Amino acid sequence: MTDLRICDMLRGDDFEGFYILKSAQPRISTNGKPFLNASIADCTGIIDAKVWDYSGPISSGDEGKIVKIRGSVSEYRGALQVTVDRIRLKKDDDNVDISSLVPVAPIDAKKAIGEIEAIVSSIEDEDYRQVCQT
């Protein structure tokens, strides 16, 4: 599947898509191998992710950035988690709709801005109106 929303993920799903990297902590497993303990998010939720046998380059310095992930959904201790097969930072030429990754208000942004501008324009005191316009 491509661009599977987190709220629609089910155990056994294989997917590839773009997500926001909410957290990323490089760790060492009990058998001494490096892995990345992470969480990813889109506008529908957050899910834990593990990248096994991974030593970089993605780390905590990349938190908040958009990543492309190929992986599968599994269950660990009763909660869904993603086992990541491939992960990379978003490239400049990747076509990503940011509104699918962050929660947005269910309103028309242009209409809301127009309403605010109309209210600001109606302020009679010129100094206050200029401050609000700024």
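Trainee: Would you explain unusual backbone geometry in this entry?
Mentor: Most peptide bonds adopt trans geometry, and most residues besides glycine take a negative phi value. Going from G56 to P57, the amide bond is cis rather than trans, its omega being 10°. As for its position among the elements, P57 is in the loop between β3 (45–52) and β4 (66–76). Phi angles above zero are rare outside glycine, and D3 is one such case at about 55°. Assignment of secondary structure puts D3 in the segment before β1 (14–28).

Trainee: Where do I start with the pattern of salt bridges in this structure?
Mentor: Think of it this way: side chains of opposite charge can pair up when their charged atoms draw near. All told, the structure shown has six salt bridges when counted by the stated rule. Here R11 makes a salt bridge to E75, at a shortest N to O gap of 3.5 Å. Residue R11 is found in the segment before β1, and its partner E75 is found in strand β4; the two are separated by 64 residues along the sequence. R11 sits in the exposed class, given a relative accessible area of 61%.

Trainee: Explain the pairing of β1 here, please?
Mentor: Two faces make up the sheet, and in a regular strand the side chains alternate between them. Across seven bridges, the pairing between β1 and β4 is antiparallel. Directly across from F15, in β4, lies its bridge partner G71. The turn linking β1 back onto strand β2 (residues 34–42) is made up of five residues, and G32 within it adopts a positive phi angle of 85°.

Trainee: How do you make sense of the packing of aromatic side chains when you look at a structure like this?
Mentor: Aromatic ring pairs: the centre-centre distance and the angle between the two ring planes describe each pair. A full pass over the atoms with the stated rule returns two aromatic pairs. For the pair F15 and Y19, a centre-to-centre distance of 5.8 Å together with 85° between the ring planes defines the contact as edge-to-face. The same class applies to F15 and to Y19, which are both buried. Measuring from ring centre to ring centre gives 4.9 Å for F35 and W52, while their planes differ by 35°; the resulting arrangement is tilted. One end of the pair, F35, is in strand β2; the other, W52, is in strand β3, with 17 residues separating them in the sequence. On the accessibility criterion, F35 (10% relative accessible area) is buried. A relative accessible area of 44% places W52 in the partly exposed class.

Trainee: Mind showing me how you'd approach helix α1 (residues 109–121) here?
Mentor: The end-to-end C-alpha distance of α1 is 18 Å, a good match for the 18 Å that 13 residues give at a rise of 1.5 Å each. At the N-terminal end of α1, a side-chain oxygen is found 3.1 Å from the backbone nitrogen of K110, two or three residues along, and the residue is D108.

Trainee: Just checking my understanding: could you explain the environment of L89 for this structure?
Mentor: Position of L89 among the secondary structure elements: in strand β5 (residues 79–89). Look at L89 and you get partly exposed, because its relative accessible area is 32%. Linking L89 and A105, residues 16 residues apart in sequence, is a C-alpha distance of 26 Å.

Trainee: Would you mind showing me how to read the pairing of β4 here?
Mentor: Judged from the ten bridges that link them, β4 and β5 form a sheet pairing that is antiparallel. Residue Y76 lies in a different strand from β5, and its bridge partner there is A79.

Trainee: Sorry if this is basic, but what is going on with the nonpolar core here?
Mentor: Counting 21 residues, the largest nonpolar core has M9, F15, Y19, I40, I69, V82 and I87 as the members making the most contacts within it. Put simply, the parts of the chain that give this core at least two residues each are β1, β2, β3, β4 and β5. For this core, the element with the most residues is β1, which contributes four residues. Beyond its immediate chain neighbours, meaning those up to four positions away, I69 contacts F15, E16, G17, Y19, I40, V84, R86 and I87.

The rules behind the values
Starting from 1, residues in each chain are numbered consecutively following that chain's sequence as written. Where local features are concerned, this predicted model is filtered to residues with pLDDT of at least 70; where side-chain atom pairs are given and counted, the filter is 80 or more; whole-chain, interface and lining totals use all residues. Hydrogens and waters are ignored; side-chain quantities use all the structure's heavy atoms. In DSSP terms, a helix is any run of H or I states spanning at least four residues, a strand is any run of E spanning at least two, and both are numbered starting from the N terminus. In the sections that follow, a salt bridge refers to a side-chain nitrogen of Lys or Arg positioned within 4 Å of a carboxyl oxygen of Asp or Glu. Exposure classes here rest on a 1.4 Å probe applied to the protein chains alone. A residue is buried below 20% of its type maximum, exposed above 50%, and partly exposed in between. The pairing criterion is simple: DSSP has to find at least two bridges between the two strands. Only Phe, Tyr and Trp rings take part, Trp by its six-membered ring, and two of them pair if their centres are within 6.5 Å. Stacked means planes under 30 degrees apart, edge-to-face means over 60, and tilted covers everything else. The span expected for a helix works out to 1.5 Å for each residue beyond the first. Between N or O atoms, a polar contact is any pair within 3.5 Å; within protein, one atom must be a potential hydrogen donor and the other a potential acceptor, and residues adjacent in sequence are included only when both atoms are from side chains. Definition of nonpolar core: a set of buried residues of the types Ala, Val, Leu, Ile, Met, Phe, Trp, Tyr and Cys, connected through side-chain atoms within 4.5 Å. The contact criterion used is simple: two residues touch if any of their non-hydrogen atoms lie within 4.5 Å.

Shape descriptors only; they carry no functional weight alone.
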